Amino acid sequence: MPSEFDVVVVGAGFAGLYMLKRLREQGWRAIVFEAGDGVGGTWYWNRYPGARCDVPSIEYSFSFDPELEQEWDWKERYATQPEILAYLEHVAERYDLYRDIRLRTRVESAHFDESSGRWEVKTDDGETTMARYVVMATGCLSSANMPDIPGRDSFEGDTYHTGRWPHHKVDFTGKRVAVIGTGSSGIQSIPLLAEEAEQLTVFQRTPNYSVPAHNQDHTPEYMQAVKDEYRAIRAENRVSPIGFGGRVRPAEANAMDLTPEQRAVELEKRWEEGGLTFLAAFMDVVFNPEANAQVADFVRRKIASIVDDPEVAAMLSPDTYIGCKRLCVDTGYFATFNRPNVRLVDLRKTPIVQITPSGVRTSDETFEFDAIVFATGFDAMTGTLLRIDIQGRDGKTLKEAWAEGPKTYLGLSVPDFPNMFIITGPGSPSVLTNMVTSIEQHVEWITDCINKMRDEGRRTIEAKPEDAEQWVAYVNQIAGFTLYTNCNSWYLGANIPGKPRVFMPLFGFNTYEDVCKNVVEDDYRGFVRV
Ligand code: NA7
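Small disclaimer: the values here were computed from a predicted structure and weren't measured. (Residues numbered from 1 in each chain as written. Predicted model: local features only at pLDDT ≥ 70, side-chain atom pairs only at ≥ 80, totals over all residues. Heavy atoms only, no water.)

(A) Up close: the overall build of the protein chain. Helices and strands together make up the secondary structure of the protein chain, namely 15 helices and 20 strands. Taking 530 residues into account, the globule formula puts the C-alpha radius of gyration at 24 Å, and the protein chain, at 23 Å, falls close to it. Considering only C-alpha atoms, the protein chain reaches an extent of 70 × 55 × 45 Å along its principal axes. Looking at the protein chain as a whole, 59% of its 530 residues qualify as buried. Distance between charge centroids for the protein chain: 2 Å, based on 56 positive and 78 negative side chains. (Helix = DSSP H or I, 4+ residues; strand = E, 2+ residues; numbered from the N terminus. Rg over C-alpha atoms; globule rule 2.2 N^0.38 Å. Buried < 20%, exposed > 50% of the residue type's maximum accessible area, 1.4 Å probe, protein only. Lys, Arg positive; Asp, Glu negative; His and termini not counted. Charge placed at Lys NZ, Arg CZ, Asp CG, Glu CD.)

Next up, the structure:
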């Protein structure tokens, strides 16, 4: 006999944990299925050396309970993966969530049963669960991308992916190590791997912009000052376009309205402050190519000043718009290339031809390695959802529905998939924001929505196809005002061969939240509710 619940939640990261807490408070019977051995989602899997959040720790945390934020002391400006994981485990224990979380249980399929108006969810332990609602709390960066390089599996040394790092300490002492990929995960791990490995060879396809983290320990006085003002900080984040940085000086001018000297002063100040809000130096950085070029040039000059060898500095200098791929935040990344045991290989000049049993062959050279680290990212935003066999009305699969790219209404709901919600799905601000702010907003919206369904005695809710079409067009129209669509980023699905190129996240958290509220006030405009 299948088990019966009101709601199945898939995933026990930030999103799944808060979803469960909230559902339980509202009297729903919910169960969470989680493939990992523990809670934490992204922060459970990404255990590579140097893994940290690039949003300040005091903001990358739950705001839903003032007591929780008062009792937790964040140790550093940017929290490490172990600290974030410990926080999420604390949350799971504090609210007694574990009793409704089934760990080591992967959801294989979710089919909507037309006659009962319920979802039939099958898990890899052979169990079937029926539920009125399904909430996909599956995360945006949870399906590791292992590129299909010829000979990949023939390598006889050790192979790692940053997003699937072992749970034990990996010791690279005395080893010849390759890193493939220079996104955020590569940029965070390379300085630490270089300290340990005998030789580190970095295979770079696209150079990336990175700004210094200037990470530091929090003093007790600083944490107390934050706690004294926490409510105000949270409120500011909730009306910010990126869901954090409410206390950071906002941009005051367009870059091109300033003199070169004024621009340099502002950029130097931001560089010294460190962090992602470097991009907020001027109002037009992500909108105006000329303004963007000023900021990009500044970073390229910084790279040239840090890296001793001009040829290596040139290889490390990005030539795309800054911010177009997610900006990275590092500790000593560029300086790492001054170490005698570190070498950079430019794959645009000499691509990888093959992985061999003993290493890597490029068009120019053969390398021998003891270990290869794939820092090659994720099938972002849609990968995890599409790996589950999800079927809505009339057996329509999510794969079919999204053949030309993801189509959602508000990033929350998909036509023909009634009573299924996605937390921070494609078409919502998600990865262009502080994920925790976006997650909280979605969890609260979904709970309010299904509470209202219950109050009104309704059985199903689903997005109207025409509203989803319009929403996708709107998301792309907004993206079109920015420079975000101009490079091969995972925002666009361009990192995965064959993936449709559609800009997936929506720029502007605060305006998005207003739209979500208006939809509700307008009697769930764009949804069919029965
Ligand atoms: P990213 O940012 O997607 O970076 C992946 C890197 O791997 C990037 O440099 C890619 O080059 C490179 N890559 C991917 N496939 C290949 C192949 N086949 N050959 C060589 N190089 C390859 O993933 P991260 O894990 O670093 O970061 C993801 C997010 O996590 C990040 O944005 C933060 O939000 C946190 P490319 O640029 O595609 O040429």
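Further notes follow.
(B) Structural detail: unusual backbone geometry. Positive phi values are uncommon outside glycine, yet N419 reaches one of about 60°. By secondary structure assignment, the location of N419 is in the loop between α12 (398-401) and β18 (420-422). On the basis of relative accessible area, N419 is assigned to the buried category, the value being 0%. Notably, T424 is not glycine yet its phi reads approximately 50°, a positive angle.

(C) Just the sheet that holds strand β9 (residues 199-204), in detail. A sheet is described by the order of its strands in space; here 5 strands give the open sequence β7-β16-β8-β9-β12, paired in parallel fashion. Of all strands in the sheet, those with a lone pairing partner are β7 (158-161) and β12 (342-346), marking the two edges. For this sheet, the mean angle separating the axes of adjacent strands, direction not counted, is 20°. Strand direction decides the pairing type here: strand β8 (residues 176-180) and strand β16 (residues 371-374), joined by 4 bridges, are parallel. Counterpart to V179 in the pairing with β16 is V373. Running over the sheet, helix α5 (residues 184-196) touches β8, β9, β12 and β16 and is turned about 155° from β9. (Pairing = 2+ DSSP bridges. Axes fitted to C-alpha atoms, helices over the stretch in contact; angles between N-to-C directions. Contact = heavy atoms within 4.5 Å.)

(D) Structural context of the pattern of salt bridges. Summed over the entire model, instances satisfying the criterion amount to 44 salt bridges. With a shortest N-O distance of 3.0 Å, E513 and R238 are connected by a salt bridge. Of the two residues, E513 is situated in helix α15 (residues 509-521) and R238 in helix α6 (residues 220-238); the sequence distance between them amounts to 275 residues. E404 serves as the salt-bridge partner of K407, at 3.4 Å between the closest nitrogen and oxygen. When its relative accessible area of 21% is taken as the criterion, K407 is described as partly exposed. (Salt bridge = Lys/Arg side-chain N within 4 Å of Asp/Glu carboxyl O.)

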